Amino acid sequence: MMALGAYRFAVTTGGYDRLQRSTSWRWPTQERIGSAPAHQFMGPGTDKLTISGVIFPHFRGGLRQVDAMRAQAGRGQPLNMVDGTGVNWDRWVVMSIEEGKEAFMSDGAARKIDFSVELEKYA
């Protein structure tokens, strides 16, 4: 599905079911005497991605998939991202990772893990 650095989002591991992208541009306002404020284009702003999905660790991939995402993010380096169709999305930084667990087994292992990874494009 997609590779972010060394981590692979795939059906056999932590596959995502939602990818949301938000792109902004900078248009600061310049105050003018006797006229309405004017906008001036200053270039691109922040490009953000949110990748979210559900992991069923006992079906495929194991319990440590979100830990693998955190380890990749913890290196403190921009990560190259390539999707399954071969498109290079350039480099991104991981801003946050959220994880939720539910449907626990008797030993405390979760049967279902929700995750969300927030990324920003590295300029």
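In case you missed it, the structure is sitting above this.
Keep in mind it's a predicted model, so treat the numbers as computed, not measured.

Draft legend 1. Spotlight on the overall build of the protein. Counting its regular elements, the protein contains one helix and nine strands. Its helices and strands taken in sequence order, the protein reads β-β-β-β-β-β-α-β-β-β from the N to the C terminus. Compactness check: the protein gives a C-alpha radius of gyration of 19 Å against a globular reference of 14 Å for 123 residues, more than 25% above the reference. Taking as baseline every contact in the protein between residues at least 6 positions apart, the subset at least 24 positions apart corresponds to 59%. Looking at the protein, you have 15 positive and 13 negative side-chain charges, and the mean spots of the two groups are 4 Å apart.

Draft legend 2. Quick peek at the packing of aromatic side chains. Under the defined criterion, the tally for this structure stands at four aromatic pairs. Consider the rings of Tyr-7 and Phe-9, whose centres lie 5.0 Å apart with planes at 75 degrees: the pair is edge-to-face. When sorted by exposure, Tyr-7 lands in the same class as Phe-9, which is buried. Each ring, one from Phe-9 and one from Tyr-16, has its centre 5.9 Å from the other, and the planes form 80 degrees; the classification is edge-to-face.

Draft legend 3. Up close: a nonpolar patch on the surface. Side chains of Trp-25, Trp-27 and Phe-41 sit close together on the surface and give an oily, nonpolar patch of about 390 Å² of accessible area. Turning to its location among the elements, Trp-25 is positioned in strand β3 (residues 16-26).

Draft legend 4. Representation of the layout of surface pockets. By volume, the largest pocket amounts to about 170 Å³. Around the largest pocket, the lining residues are Thr-23, Ser-24, Pro-44, Gly-45, Thr-46, Asp-47, Glu-120, Lys-121, Tyr-122 and Ala-123. Elements represented by at least two residues in the lining of the largest pocket include exactly β3, β6 (43-55) and β9 (110-121). Of the residues contributing to the lining of the largest pocket, the split by class is three nonpolar, four polar and three charged.

Draft legend 5. Region of interest: the side chain of Gln-65. You can see Gln-65 is positioned in helix α1 (residues 65-73). Dropping the residues within four chain positions of it, Gln-65 is found in contact with Tyr-7, Thr-13, Gly-14, Ile-55, Pro-57 and Arg-60.

Draft legend 6. Representation of the sheet that holds β6 in the model. Read across the open sheet, the seven strands follow the order β2-β1-β7-β8-β9-β6-β3; overall the sheet is antiparallel. Since the sheet does not close on itself, it has two edges, and those belong to β2 (7-9) and β3, each with one partner. Taking the axes of each pair of neighbouring strands and ignoring which way they run, one obtains an average angle of 25 degrees across the sheet. Along the sheet, α1 contacts β1 (2-4), β2, β6, β7 (79-83), β8 (88-104) and β9; its crossing angle with β8, the most-contacted strand, is approximately 145 degrees.

The rules behind these values
Residues numbered from 1 in each chain as written. Predicted model: local features only at pLDDT ≥ 70, side-chain atom pairs only at ≥ 80, totals over all residues. Heavy atoms only, no water. Helix = DSSP H or I, 4+ residues; strand = E, 2+ residues; numbered from the N terminus. Rg over C-alpha atoms; globule rule 2.2 N^0.38 Å. Contact = heavy atoms within 4.5 Å. Lys, Arg positive; Asp, Glu negative; His and termini not counted. Charge placed at Lys NZ, Arg CZ, Asp CG, Glu CD. Phe/Tyr/Trp six-rings, centres within 6.5 Å; stacked < 30°, edge-to-face > 60°. Buried < 20%, exposed > 50% of the residue type's maximum accessible area, 1.4 Å probe, protein only. Patch = residues over 30% accessible without salt bridge, like charges linked within 9 Å, V, L, I, M, F, W, Y side chains within 5 Å. Areas by Shrake-Rupley, 256 points an atom, 1.4 Å probe, with all protein chains shown as cover. Salt bridge = Lys/Arg side-chain N within 4 Å of Asp/Glu carboxyl O. 1 Å grid on protein atoms, 1.4 Å probe; cavity = no way out; pocket = protein on both sides within 12 Å on 5 of 7 lines; lining within 4 Å. Points joined across faces, edges and corners; volume = space filled by probe spheres on them. Nonpolar A, V, L, I, M, F, W, Y, C, P; charged D, E, K, R; others polar. Pairing = 2+ DSSP bridges. Axes fitted to C-alpha atoms, helices over the stretch in contact; angles between N-to-C directions.

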